[in-house]
Amino acid sequence: MLHILDLSGQHIKSFPAHSASVSDISVDLTGDFIATASIDGQVAVHSLSGAETPSFNLKRPVRTVALEPNFAKSSTRSVISGGMAGNLILHEKGWLGYKETVLHSGEGPIWQVRWRDNLVAWANDLGVKIYDTVSQSRITFIDRPADSPRADLFKCTLHWQDSSTLLIGWADQIKVARIRTRPRKTTSASGAPPLLVEITAVFQLDCMISGIVPHLLTQSPTTSSALVESAGKKANGTGSVRSNAPKPPALTAFLVLAYTPPDMSLLAGNEATADRAEQARKQAERPDLRIISRAGEELAADALGITNYERWNCNDYILVDVEAGSVKASPSGASGDRYYVVLSPKDLVVVKPRDWRDHVAWLVERKRYEEALEEIERQRDEADATGGKDIVDAVQIGQRYVEHLVGEGDFTKAAQLCPKVCGQDTKRWEDWIFVFAQKHQLQAIIPYIPTESPTLGPLVYEIVLTYFLAHDRQALLQTIKTWPKSIYDVAAVIVAVQSELDRAPSSSTTKPTGPDTVILMECLAELYTLNRQPGKALPYFLRLRRPNVFDLIRENNLFTDVQDQALLLVEFDQELREKRRQEGEKVDTDPVAAITLLVDHIHSIPIGRVVQQLQSRPAYLYLYLDALFHKDPHITSTYADTQVKLYAEYAPRKLVDFLRASNYYNLEQAYNVCNERDLVPEMVFLLGRMGNNKKALNLIIERLGDVNRAIDFAKEQHDDDLWEDLLRYSETRPPFIRGLLENVGAEIDPIRLIRRIKNGLEIPGLKGALIKILQDFNLQVSLLEGCQTILNGDCADLVFKLHRNQTSGFFLSAKTPCPICSLPLSQPPQGLGLLFLCRHVVHAHCVDHGEELPHQPDPTLVGMGLGGQPGLGGKIAFTAILRAKITQGCPVCHNRSEGDRT
């Protein structure tokens, strides 16, 4: 029975081929036709897709068969076979059926035949011969190795590596035959065949060869790695499967199915020994696959697990190579992979070169997980570059690696591996984090916990924050600042941190002292800010002296929240200014930022509450009330007496300006405050406001001795008695007399002062003062004369302009509008129009009391001597009557003078 299987062991089809064991199988290049040879003497050709099944009866056991390589497309459908009869027979299809041709005979049984393109190679007891089907001639003969064992016990194995290279494995020797074209001159001269054969390599092995195929070393990740991945398939009989693969690339090594004979007498030719111990059948060893390099070096070897291998001999094994093609050989296989098939009487073993996936599995089996993951990473990079696909589950390997590391106690390395192992799997992340937490190694995995892509459950992040709260509060603060607020419950964390802060010993003071307290306050401030509760964060920022407090208040409109934090806010701002001043930075003298903030938002921060808080710090209260006073002098009216004291204490120079600008303070209290601090100018001002001008003037003269101030004071009061007192005080004081002479100006008559000077009183600079008086008088006279000249000139110009305007004509039509009512002057037709010297023409009824004006006489009646005086005199008389009735003059000019627009 012939069974057709795919490389995964799945049954495809079966044929009832022969009545005895099948000794050889050959497949054409298309894989559609299969030829079988059997010891029943039959050669049969089977088709997988058609019904054509030609068969040939050779009458003797057949050992080998070979189909024409292009059998499916060939018209001759040639088949070559041979066996115990010693004949190599070619069957070709003709018009009348198949024709039989004997290619060779007479040299013993034909053990194996292989056909490649136009070359046929076969082996018999004497050696290997090669036949050229084109020239129909035998081109070479290769002798059987000398001293080789019996051919029927250790068969010859032939394999075409390519169209010009034949691999020959016989007993323990490998020969490589190279076929090339014979030079043309030699061929024509001697009649030799067109091809010649050269033996390019001969290797002697320490084992018998059951099969040989070329092997690509580049298929393996390492030449020293294991070779075999096999699955035993029970099968009946033995056979050889000819590869249907296309021409392979150049190879650099051989894959040999090695057999070690248990009975050395077979090699020594001592089979007929009389020793019964030697005659007993000995158990064979396991066959193995070996990779032999072109230099004859053994690169790798793997033993095969063959059923009942103890009972089989060298000829019971077959080795062939197969290109997988489009057949999926295994779950990890890919199209185009190269496979080898080993056949025994009971097993069919599929062998595949180890690749990097096998190498990874080998590393994992030995718990070398890190090397396995590195190999996967390297292969993945290569796959990305070439567009290939990776089907190795790196996550599963990583999971086992992490489990191994955790079991070994290497938590740091296990944590480093978690990002690669867990990836986007949130559940796997959470499971491992809980494992680390249970083993009290949470600090190892915290740096690798993702906050996005993927985002884990809030509980995970809260566990981490709780751990930091208990063990590393600085890390807690940094984590709060860097983590997104949406990944955990901010309110729950606030409660935990607040509870911890309440237990801190220094948390109740205005300014925290302990480092832990400072960090906890910073954490609460950040958490409240993240939770959109800046009002609750503000007290902590103030206590921590954070420079961004004022920006926080303005950006979040926290003026109401700062009502009870005024003193803390001002103290904090003063500390900032002092710190900047100590650092050498130039600090302006403008009101501090806190004071400006309080003053600009008095509607949200009541003045009374601020004043109440600042009572204990009068300097800050002064700054606040002073800023308010500059903004609006009236809003501090309630605190005017307090301001007098504060100005007297902290800014005496500003007190006079305040006293002048404000009318809300108590004069007597203000005078007492100034008197206590001996503020003479302020006392003078207050005495003047209270009406005690004489005492004020006495203070100026006695305490200040400032004649200019005394003169200015007398000028301000406009009191002649005060001037008299000043003159009387000055009679005995020459500096005052001189000062009065120089600065009195037009307030008093200089003659009045000069007459009070006593004879013999020496006044320094009197001459200069008198000269200055005379010069000032002359200057005044000159100014008056100049002003009079200017006035006269202006009057003359205006009179001339008035005369010219009144005597010149101007254009006027019936459509000219009235400046008062905007109607044409011609309406009504018989209406009276008034022309003023200012050139304004209006309707008579548009003038005040215009209805009382007389009507213009009718010219016809006047000409008849009725209704008025004729001629110019009548007009003048009528105009005089109208002028007497119009008391306000031109109504247009009158309205302009009143501010109305016409």
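As the structure is a prediction and not an experimental result, all values here were calculated from the model.

Some remarks on the overall build of the protein chain
And then number 1: Within the protein chain one finds 32 helices and 28 strands.
And then number 2: Relative to its 902 residues, the protein chain shows a buried fraction of 44%.
And then number 3: Looking at the protein chain alone, contacts between residues at least 24 apart form 54% of all its contacts between residues at least 6 apart.

A closer look at the side chain of His-104
And then number 1: With respect to the helices, strands and loops of the structure, His-104 is situated in strand β10 (residues 97–104).
And then number 2: A relative accessible area of 9% means that His-104 is categorised as buried.
And then number 3: Excluding residues within four positions of it along the chain, His-104 makes contact with Gly-86, Asn-87, Leu-88, Ile-110, Trp-122, Asn-124, Lys-129 and Arg-138.

Quick look at the environment of Gly-809
And then number 1: Turning to its location among the elements, Gly-809 is positioned in the loop between α29 (766–807) and β27 (833–835).
And then number 2: Since its relative accessible area comes to 66%, Gly-809 is described here as exposed.
And then number 3: Spatially, the C-alpha atom of Gly-809 lies 9.0 Å from that of Arg-839, the residues being 30 residues apart in sequence.

Description of the confidence of the model for the protein chain
And then number 1: In the predicted model, the protein chain carries a mean pLDDT of 79, and the fraction of residues at 70 or more is 80%.
And then number 2: Per-residue pLDDT stays below 50 along residues 219–249; that stretch engages in 97 contacts with residues further than four places along the chain or on separate chains.
And then number 3: Of the regions scoring below 50 in pLDDT, residues 326–335 engages in 13 contacts with residues more than four places distant in sequence or in other chains.

Concerning a nonpolar patch on the surface
And then number 1: On the surface, a cluster of nonpolar side chains totalling about 280 Å² of accessible area is made up of Phe-810, Leu-812 and Leu-835.
And then number 2: Its location among the elements puts Leu-812 in the loop between α29 and β27.

Observations regarding the pattern of salt bridges
A pair can form between side chains of opposite charge whenever their charged atoms are brought close.
And then number 1: The tally for this structure, following the rule as stated, stands at 18 salt bridges.
And then number 2: We note a salt bridge from Arg-366 to Glu-365, for which the minimum N-O separation is 3.8 Å.
And then number 3: Among the salt bridges present, the one from Asp-626 reaches Lys-654, with a minimum N-O distance of 3.7 Å. Note that Asp-626 is positioned in helix α19 (residues 618–631) and Lys-654 in helix α21 (residues 652–661), a separation of 28 residues in sequence.
And then number 4: Classification of Asp-626 by relative accessible area gives buried; the value is 10%.
And then number 5: With relative accessibility at 36%, the residue Lys-654 sits in the partly exposed group.
And then number 6: Through salt bridges that share partners, Asp-206, Asp-288, Arg-290 and Glu-298 make up one connected network.

Focus: the sheet that holds strand β18 (residues 195–204)
And then number 1: The antiparallel open sheet is built from four strands, whose spatial order is β15-β16-β17-β18. Every other strand in the sheet has two partners, leaving β15 (156–162) and β18 as the edge strands with one partner each. Taken pair by pair, the neighbouring strands of this sheet meet at an average axis angle of 20°, ignoring direction.
And then number 2: Relative to strand β16 (residues 165–170), β15 is paired through six bridges, and the arrangement is antiparallel. Note on β16: the bridge partner recorded for Leu-158 is Ile-168.

Here we look at helix α10 (residues 458–471)
And then number 1: Here α10 spans 20 Å end to end across 14 residues, near enough to the 20 Å set by a 1.5 Å rise per residue.
And then number 2: All buried positions along α10 are accounted for by Val-460, Tyr-461, Glu-462, Val-464, Leu-465, Phe-468 and Leu-469.
And then number 3: Where α10 is buried, its residues touch α8 (426–438), α9 (442–445), α11 (473–482), α12 (490–502) and α13 (515–530).

Re the packing of α8 against α10
And then number 1: It is the contact of α8 with α10, at a shortest axis distance of 10 Å, that shows an interaxial angle of 30°. It follows that α8 is roughly parallel to α10 by the angle criterion. Crossing geometry of α8 relative to α10 is assigned as left-handed. In this structure, α8 contributes Glu-430, Ile-433 and Phe-434 to the contact, and α10 contributes Leu-459, Val-460 and Ile-463.
And then number 2: A per-class count over the contact of α8 with α10 returns five nonpolar, no polar and one charged.

Points about the sheet that holds strand β5 (residues 42–47)
And then number 1: On the basis of which strands lie adjacent, the open sheet formed by four strands has the order β3-β4-β5-β6 and antiparallel pairing. The open sheet has two edge strands with one neighbour each: β3 (22–27) and β6 (55–57). For this sheet the average axis-to-axis angle between neighbouring strands, irrespective of direction, equals 15°.
And then number 2: Direction of pairing for strand β4 (residues 33–38) relative to β5: antiparallel, over a ladder of five bridges. When the bridges of β5 are listed, Phe-33 appears paired with Ser-47.

Describing the environment of Cys-893
And then number 1: When you line up the elements, Cys-893 lands in helix α32 (residues 891–898).
And then number 2: Between the C-alpha atom of Cys-893 and that of Cys-838, which follows or precedes it by 55 residues, the distance is 8.2 Å.
And then number 3: Apart from residues no more than four positions distant in its own chain, Cys-893 is found in contact with Cys-838 and His-840.

Points about the packing of aromatic side chains
And then number 1: Applying the stated criterion to the full structure yields 14 aromatic pairs.
And then number 2: Their ring planes at 55° and their centres at 6.4 Å tell us that Trp-483 and Tyr-488 sit as a pair that is tilted. In this structure, Trp-483 and Tyr-488 share a single accessibility class: buried.
And then number 3: Here the aromatic rings of Tyr-622 and Tyr-647 are separated by 5.6 Å at their centres, their planes lie at 80°, and the arrangement is edge-to-face.

A closer look at the nonpolar core
And then number 1: Ranked by size, the top nonpolar core spans 119 residues in total, and within it Phe-436, Tyr-488 and Tyr-624 carry the most contacts.
And then number 2: In this structure Tyr-624 touches Ile-595, Leu-598, Val-599, Ile-602, Ile-607, Val-610, Val-611 and Leu-614, once residues within four positions along its chain are discounted.
And then number 3: Membership of the second largest hydrophobic core comes to 42 residues, among which are Leu-166, Leu-195, Val-213 and Leu-304.

Considering the pairing of β3
And then number 1: With six of six residues buried, β3 lies mostly within the body of the structure.
And then number 2: Bridge analysis of β3 against β4 gives five bridges, and the strand direction is antiparallel. Paired with Ser-26 across the bridge in β4 is Ala-35.
And then number 3: Two successive antiparallel strands, β3 and β4, enclose a turn made up of five residues, where Gly-31 displays a positive phi of approximately 80°.

Some thoughts on the packing of helix α22 (residues 667–676) against helix α23 (residues 680–690)
And then number 1: The contact between α22 and α23 brings their axes to 9 Å, and the two run at 160°. For the element pair α22 / α23, the angle class is roughly antiparallel. Between α22 and α23 the crossing geometry is left-handed. For the pair α22 and α23, contact is made by Leu-667, Glu-668, Ala-670, Tyr-671, Cys-674 and Asn-675 and by Glu-682, Met-683, Leu-686, Leu-687, Arg-689 and Met-690, respectively.
And then number 2: Classifying every residue of the contact of α22 with α23 gives eight nonpolar, one polar and three charged.

About the thresholds
- Residues take numbers from 1 onward in each chain, read along the sequence in its written order.
- Local features in this predicted model are restricted to residues whose pLDDT is 70 or higher, and side-chain atom pairs enter the listing and the counts only when it is 80 or higher, whereas totals over whole chains, interfaces and linings include all residues.
- As a convention, hydrogens and water are excluded, and side-chain values are obtained from all of the structure's heavy atoms.
- Strands are runs of DSSP state E lasting at least two residues, helices are runs of H or I lasting at least four, and both sets are numbered from the N terminus onward.
- Buried means the residue's accessible area, taken with a 1.4 Å probe over protein chains only, is under 20% of the maximum for its type, while exposed means over 50%, and partly exposed covers the values in between.
- Contacts: residue pairs with any heavy atoms within 4.5 Å of one another.
- Values of pLDDT, the confidence the predictor places in each residue, fall between 0 and 100.
- Grouping into patches uses exposed residues only, defined as over 30% relative accessible area, and leaves out salt-bridged ones; the cut-off is 9 Å for like charges and 5 Å for nonpolar side chains (Val, Leu, Ile, Met, Phe, Trp, Tyr).
- Methods summary: accessible areas were calculated by the Shrake-Rupley approach with a probe of 1.4 Å, and residue burial reflects only the protein chains presented.
- Salt bridges are counted wherever a side-chain nitrogen of Lys or Arg sits within 4 Å of a carboxyl oxygen of Asp or Glu.
- A pair of strands counts as paired when DSSP detects no fewer than two bridges linking them.
- In this description, a line fitted to the C-alpha atoms serves as the axis of each element, helices being fitted only across the stretch in contact, and the angle between N-to-C directions of two axes falls anywhere from 0 to 180 degrees.
- The span expected for a helix works out to 1.5 Å for each residue beyond the first.
- When describing relative orientation, an angle under 35 degrees is termed roughly parallel and one over 145 degrees roughly antiparallel, while 65 to 115 degrees is termed roughly perpendicular and anything else oblique.
- The hand of a helix crossing depends on one turn: near helix anticlockwise from the far one by less than a right angle means left-handed, and clockwise means right-handed.
- As a working rule, the residues Ala, Val, Leu, Ile, Met, Phe, Trp, Tyr, Cys and Pro are called nonpolar, Asp, Glu, Lys and Arg charged, and the rest polar, with Gly in that last group.
- Think of it this way: a Phe, Tyr or Trp ring, Trp meaning its six-membered ring, pairs with another when their centres are within 6.5 Å, and the plane angle makes it stacked under 30 degrees, edge-to-face over 60, tilted otherwise.
- Residues grouped as a nonpolar core are buried Ala, Val, Leu, Ile, Met, Phe, Trp, Tyr and Cys residues, joined through side-chain atoms within 4.5 Å.

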